[in-house]
2 protein chains.
Amino acid sequence: MKKGGFTLPGEAGYEKLTLELAEKWGADCIRDSDGTVLSDEILSSGIPIYSTICMVRSVNGWAKEHMNMLGRNFLSSDPVMAEGGTLVIRPLEKYFRPQITVCPDDPVKEFWEVRDRTAGTLVPPGDWEWDPSAETVTVNGTVPYHFYTVSFLACRIWEEISMYNHITNGWGDREHLMAVDPRYPEVQEVLLSYLDGWCRSHPATRVVRFTSMFYNFTWIWGADERQRTVYTDWGSYDFSVSPAALREFEKEYGYRMTAEDFINNGRHNATHNPPTEKYRDWMEFTGKFVREFGRKCVDLVHSYGKLAYVFYDDTWIGVEPWGEHFEEFGFDGLIKCVFNAFEARLCAGAKVGTHELRLHPYLFPTGLRGEPTFAPGGHPEADARRYWACVRRALLRVKIDRIGLGGYLSLTEPFPAFHDEIEKIADEFRTLRSLHEAGAPWETGIRVAAIQSWGPLRTWNCSGHMHEHPELPLNHIYEALAGQPFSVRAISLRDIAEHGVPDDVDVVINAGREGDAWSGGGAWDDGRLLAAITEFAARGGGVIGVGEPSARRGGFRHFRMADIIGVDREIGKTVCFEKYKYEKKPHFILGGEAEPHFHNHTPGVYALGAGTEVFADGGDGIVAAANEFGRGRGVYFSGFTYGAENARMLYRAILWAAHREDLADVYTTDSADFECAYYPSSGKLVIINNGKDPGTVTVRTPEGERTAELAGEGIAIL
Amino acid sequence: MKKGGFTLPGEAGYEKLTLELAEKWGADCIRDSDGTVLSDEILSSGIPIYSTICMVRSVNGWAKEHMNMLGRNFLSSDPVMAEGGTLVIRPLEKYFRPQITVCPDDPVKEFWEVRDRTAGTLVPPGDWEWDPSAETVTVNGTVPYHFYTVSFLACRIWEEISMYNHITNGWGDREHLMAVDPRYPEVQEVLLSYLDGWCRSHPATRVVRFTSMFYNFTWIWGADERQRTVYTDWGSYDFSVSPAALREFEKEYGYRMTAEDFINNGRHNATHNPPTEKYRDWMEFTGKFVREFGRKCVDLVHSYGKLAYVFYDDTWIGVEPWGEHFEEFGFDGLIKCVFNAFEARLCAGAKVGTHELRLHPYLFPTGLRGEPTFAPGGHPEADARRYWACVRRALLRVKIDRIGLGGYLSLTEPFPAFHDEIEKIADEFRTLRSLHEAGAPWETGIRVAAIQSWGPLRTWNCSGHMHEHPELPLNHIYEALAGQPFSVRAISLRDIAEHGVPDDVDVVINAGREGDAWSGGGAWDDGRLLAAITEFAARGGGVIGVGEPSARRGGFRHFRMADIIGVDREIGKTVCFEKYKYEKKPHFILGGEAEPHFHNHTPGVYALGAGTEVFADGGDGIVAAANEFGRGRGVYFSGFTYGAENARMLYRAILWAAHREDLADVYTTDSADFECAYYPSSGKLVIINNGKDPGTVTVRTPEGERTAELAGEGIAIL
């Protein structure tokens, strides 16, 4: 159990530390990191080497000579009021100029748009002019007191990860790296040639780890320090735009994607909003390209007898591991940076040979919010334990093949407690992996489906990391589910409208806010969707609604599934209707616990009638309720915050919705801080303490109760 | 000052009390009430008599013989799920059967509708059947798992005010009064004949007070005690429906109003929602009828040399005093029941000869919430003082001609303190009236307009009383304005779109919730509206937005006037956008006061940029902000609760928005609990204490400071 499945970041100049820790942590692989190199001593240590490469920002010299092949994206100015006659707009002024400029070669009239946002109309191209030297757009013949915007094709001259690291770490006059767009055949040629040379010059490398494929997640910076980040979305395809791509798309799809298709009334196509048909086409178009050129890169790596892994964090576009065609890349492994459990599930479920987690803390002096980690005042061993306890829940449920760290190993030298902690974590990991290898853990048999706009593509994740969108109830639901004995999948609302809820689903969860991608917005205009959910529930299915599930204005109910889940929401349109005066009662779902509090609680939710069993509420509406509907059951939560008690409540809600209250005492613990998994093949019961406090826990099993003492964040294997 | 302008409710059997109190309170008029009679001794006292009459429920014998001429309205069943084949729906089951039934004579297929609410379609009349004996609708050929509703023409067999009084007072087997619909010529004949006989038999009556005209406010009761009131709206026209009216409308307007035009996806046409074009037509059609037949009644009263007053409380339909054609009734007086100040302004501003307020408490044993008033444990003198202090603010601003009481005078006998209090109130009233008669009070000169969907029709009131819709910020705004030295009007958003903001408006206020009538909903789809407001602001106008002002999905901004008021709201569609990190600073609007708290606060509001001056916020967004825009100014409040400090803040917000900060110290008090008015013609300064605690107040006037000591709820005239 002491060796294997561990990737260690090596560092030149710290050969002794590298090899000592490789031994201590059982590393079977040494990697470099952004900014580190491996010395010959390490390369010749006999331990397999694993090298990172980020192709698109690796040809900076060439990129500088070919600025017209850098990545582009559409951006909009803020609305500017006209007073009639001529209006001058400075489209670039709100953006961070070291990142954003305009490519002088781009045909402005072909791609840019000036829009009257008050009237909702396009200004004819003849009525405006771009002055590249003044960086102004002059609009003629404006309508007085209307607001106008300029949508322009931005050219990015500083690759975002490089920019972030450069600014955060104060790299001064170190070169700004630029990202080229492989949509241009010349770029593909340059990149393949670079990769070929790289493979040739890295004979010791066993695994080529692509830090990215080609298009970074969207990260637009602003000129004003008080709004440094204008827009960030890990899932959106903004950065895959270029004149070449736009023209190619038009050839392939027979219509043109306009600036407005990306600007979308200033909202862009954030992953949190339901996609338009055109945007779906663009994603398909781009995804196909990324896979095709990606495959060429992978094949080239393979031709050198090396393995190709992909790191899924900075560049999601077209690389989504739960995308239908992910296997077509031919990757040998997927590496996922994980802060929490659902990210581990995302990794584990991908169709790829090796699943590896990059653990936190990253070996950097400071953490995400600038707090010290490997710096004076830091407690990296506690951080490591906490992150591990967050992620480990998922590893009880599913098998992960490898774990590892990233960053500067030298920074860990003053923190021997961290060295010990990672040693323990690596052992725990290997133990759990071996249990999975012996046979899968016991599951309830209940099959849960998150139903949202994106379907499988966004399984186990909305977009970005949990800490970036803590407001989204579905992120918290995914997190709770990540450590629970259910089969989990995601299905798109469109699929359900077209084909019904699949027979092999027991409980569906719709968790979101009115109009967002997770609740579904316009998808609910299709009556077939409600009919399908109604049929599913009437025939015995479980339906869980969270926040503003199925919310859509214009129907008989605001929550379209109101009759199933027993509640609807007052949004100011039905204030003349008296609400049913329910009597709050205890419920199986709550067990004996206190009523939940959700940080993203939706106010104004009321009971439809006598059938609605309300078991939690507050001054501004219902917090939790249950409802029998036909042969099925509906549950409502006004929001969802991941936490021990709430996760337990969700677990019981799913059991109840699935008519499986009988499972409430099967492999469950008597305290919500603890979770467990039973592995029938090996006869082992694993209990984990997700909390920081030590404690005694009793697990109810079909064979009786088992009790154990666990340290804070500890583990017991019985 | 001791006599006049006071209407006293007399009561037979209490002649001495009646005449004593007439003397004490300076009554110049004695009235009867619902359930009281006046004896000959009172009638011959020489004091003018004023009699109440409610025509539509006064011909019960005839009504019983003509059930097909009772009032009707459309109601809907709840949605019921079909499983394919035949579905049985009981449309009446959710309603209070003593109120609601079906008229056997009504042609069901002509008026009723069965709707598939899942598909949003109408079921052909041939596919369903009504069984009057079983009270069921059987729908054939249903789509499995779709929800269906039945919309039916309900016939009301118990007039609502009669029903409420009967049930509240336990009148046992006293006859249930029914309301006839004067849309039927036979009914008109009966009513006019009844009125004629009534006038003839009431020679002592000087004033005929119509307790109602013809159609009660909408008040639908339910079968379930836990939801006794299904639907209540003081402004909606549901109860003006009848087969005769529907057919007449079709002749006049060339199209038919269907059940769905009233059911409106289960929401009815609540006054709080923007009206449809068809509903506006129906209101116009009904209003014209009410005025025409109303005028006939008034003329008949006049022909007997009597005056005709109307009580504006139970029956608003077509009688709205701020309606364009109110004068056409020919009423001599308007009596308004008042709980608070905006109701007094509503009354005072009507174009009618005499404006009278019916004060609270009503002379009933219990108050609105069942608490004792003229019953053991009651303190009617304190109640009277409190109501008066709430209403009096308005009477400093505008002239009211009369006040009065209603109910059973005998009940006051054990409460001599009440007698004394009313004596004081009557004197205060007469003093204020005399000041107005000498000349209008000083005003700021600032002209404020509430801009909403209804325009002037809903000036000084949204719908119903303040305590029925305390959630509406506009009700609270109206209440604050009711005691302030501004000129106030209401303008419809449609008028503004078509004609711009009138030149004689300085500050506009849009206060509501997304999609409601007060914010405007779909009105904002018309770009001319935003253009007009933008022009107004750019040229120097003040724009105040409250709650979710101008909120409408689908535009560049969620608050369409965001660029003017400096804030927008996160509704889950822009979570990928970083919000501007503002720095909160003091502001003129806040003065030195604490940040406000609004009970109807809108969460998630953020600053657009550096120009937004945020001066109040909380954990969930901005509470108050100001923004310079062009030559104008915008202000935002996240909600509004009427109260002394908040009213003062609104006052300062209006001054600021109008660029009149110079008025901050002109006729203002040093404590928000106190307000004042200066009457230049008489040289009097009136100071009132709206609070319950006594105190010393200093008024800042152009001539220097004036100080006074006031009792709690007291008044001083300097």
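Residues numbered from 1 in each chain as written. Chains lettered and ligands numbered in written order. Predicted model: local features only at pLDDT ≥ 70, side-chain atom pairs only at ≥ 80, totals over all residues. Heavy atoms only, no water.

S.K.: Mind showing me how you'd approach the overall build of chain A here?
M.R.: For chain A, the helix and strand inventory stands at 17 helices and 34 strands. The C-alpha radius of gyration computed for chain A amounts to 27 Å, which stays within 12% of the reference 27 Å derived for 718 residues, consistent with globular compactness. Across its three principal directions, the C-alpha atoms of chain A cover 75 × 75 × 45 Å. Counting only residues that meet the buried cut, chain A has 63% of its 718 residues in that class. Within chain A, counting contacts between residues at least 6 apart in sequence, those at least 24 apart form 72% of the total. For chain A, the exposed area adds up to about 24,600 Å²; of that, 50% sits on carbon and sulfur atoms. Computed over 74 positive and 102 negative side-chain charges, the inter-centroid distance for chain A is 2 Å. (Helix = DSSP H or I, 4+ residues; strand = E, 2+ residues; numbered from the N terminus. Rg over C-alpha atoms; globule rule 2.2 N^0.38 Å. Buried < 20%, exposed > 50% of the residue type's maximum accessible area, 1.4 Å probe, protein only. Contact = heavy atoms within 4.5 Å. Areas by Shrake-Rupley, 256 points an atom, 1.4 Å probe, with all protein chains shown as cover. Lys, Arg positive; Asp, Glu negative; His and termini not counted. Charge placed at Lys NZ, Arg CZ, Asp CG, Glu CD.)

S.K.: I would appreciate a short explanation of the nonpolar core in the present structure.
M.R.: Inside soluble globular proteins, nonpolar side chains tend to come together where they are buried. Membership of the largest hydrophobic core comes to 201 residues, with the highest contact counts inside it found for Trp112, Phe210 and Phe637 of chain A. Ranked by the residues each element gives to this core, the list is headed by helix α9 (residues 277–303) of chain A, at eleven residues. Other than its neighbours up to four places away in sequence, phenylalanine 637 of chain A contacts Ile544, Gly545, Val546, Gly547, Ile589, Phe598, Phe615, Val623, Ala624, Met649, Leu650 and Ala653 of chain A. Within the second largest apolar cluster, 199 residues are counted, among which are Leu8, Ile47, Trp282 and Ile509 of chain B. (Core = buried A, V, L, I, M, F, W, Y, C linked by side-chain atoms within 4.5 Å.)

S.K.: What's the story with the environment of tyrosine 184 of chain A in this structure? I'm lost.
M.R.: All names here are of chain A. Mapped onto the fold, tyrosine 184 is located in the loop between α5 (160–168) and α6 (185–201). Of the residues examined, tyrosine 184 reaches a relative accessible area of 12% and is grouped as buried. Placed 180 residues apart in sequence, tyrosine 184 and phenylalanine 364 show a C-alpha to C-alpha distance of 36 Å.

S.K.: Looking at this structure, how should I read the interface of chain A and chain B?
M.R.: Contacts between the two partners involve 65 residues from chain A, matched on the other side by 65 residues from chain B. Of the roughly 5,600 Å² buried at the junction of chain A and chain B (both faces included), carbon and sulfur atoms supply 54%. By the criterion of area lost to chain B, the three top residues of chain A are Arg226, Phe556 and Cys576 of chain A, representing 15% of everything that side buries. At the surface where chain A touches chain B, the tally comes to four salt bridges. As a salt-bridge pair, glutamate 583 of chain A and arginine 226 of chain B come within 2.8 Å of each other at their nearest N and O atoms. The tally of links from chain A across to chain B stands at 32 residue pairs in polar contact (both at pLDDT 80 or more). Those elements that place two or more of their residues in the side of chain A that touches chain B are β12 (147–156), β15 (229–233) and α15 (527–538) of chain A. If one sorts the elements of the side of chain A that touches chain B by residue count, α15 of chain A sits on top with six residues. (Buried area = accessible area lost by both parts, 1.4 Å probe. Salt bridge = Lys/Arg side-chain N within 4 Å of Asp/Glu carboxyl O. Polar contact = N/O pair within 3.5 Å; in protein donor to acceptor, adjacent residues only side chain to side chain.)

S.K.: Looking at this model, I keep getting lost on the sheet that holds strand β1 (residues 6–9) of chain B. Mind explaining?
M.R.: Sheet strands pair by backbone hydrogen bonding; their relative direction is either parallel or antiparallel. Residues and elements named next belong to chain B. What the eight strands build is a closed barrel, ordered β1-β2-β3-β13-β16-β17-β18-β19; its pairing is parallel. Each strand axis lies, on average, 25° off the axis of its neighbour in the sheet, ignoring direction. Of the strand pairs in this sheet, strand β3 (residues 49–53) and strand β13 (residues 205–210) are connected by five bridges, and their pairing is parallel. Looking across to β13, one finds that threonine 52 is bridged to arginine 209. (Pairing = 2+ DSSP bridges. Axes fitted to C-alpha atoms, helices over the stretch in contact; angles between N-to-C directions.)

S.K.: When you look at the relation of the copies chain A and chain B in this model, what are you seeing that I'm missing?
M.R.: Both copies of the chain are related by a screw-like operation: a rotation about an axis and a shift along it. The operation relating chain A to chain B is a screw motion whose rotation component is 180°, with 0.1 Å of axial translation and a residual RMSD of 0.1 Å. Taken together, the turn and the small shift mark the pair as related by a two-fold rotation axis. (Least-squares fit on C-alpha atoms with pLDDT ≥ 70 in both.)

S.K.: What is the right way to read the packing of helix α10 (residues 341–348) of chain A against helix α11 (residues 380–397) of chain A from this model?
M.R.: Packed helices, taken two at a time, are described by the angle between their axes plus the distance between the axes. All names here are of chain A. At a minimum axis separation of 7 Å, α10 and α11 run at an interaxial angle of 40°. α11 is crossed by α10, and the crossing has right-handed handedness. In contact with Ala341, Ala344 and Arg345 of α10, α11 contributes Cys390, Val391, Arg393, Ala394, Leu395 and Arg397. Tallied by class, residues from the contact of α10 with α11 come to six nonpolar, no polar and three charged. (Left-handed = near helix turned anticlockwise from the far one by under 90°. Nonpolar A, V, L, I, M, F, W, Y, C, P; charged D, E, K, R; others polar.)

S.K.: Looking at this model, I keep getting lost on the side chain of aspartate 32 of chain B. Mind explaining?
M.R.: Residues and elements named next belong to chain B. Relative to the helices and strands, aspartate 32 resides in the loop between β2 (29–31) and α2 (40–43). Notably, aspartate 32 is buried but unbridged: the nearest opposite-charge side chain belongs to arginine 31, and the N-O separation is 5.3 Å. From its side chain, aspartate 32 meets the backbone nitrogen of threonine 52 in a polar contact 2.8 Å long. Dropping the residues within four chain positions of it, aspartate 32 is found in contact with Leu38, Tyr50, Ser51 and Thr52.

S.K.: Just to check I follow, could you spell out unusual backbone geometry for this structure?
M.R.: Glycine aside, negative phi is the norm for most residues, and most peptide bonds take the trans geometry. Following histidine 360 of chain A, the chain continues into proline 361 of chain A via a peptide bond in cis, with omega recorded as 5°. Backbone geometry places histidine 268 of chain B, a non-glycine residue, at a positive phi of 55°. The residue histidine 268 of chain B is located in the loop between α8 (259–263) and α9 (277–303) in this model. Judged by its relative accessible area of 5%, histidine 268 of chain B is buried. With a phi angle near 50°, tyrosine 667 of chain B is a residue other than glycine that sits in the positive phi range.

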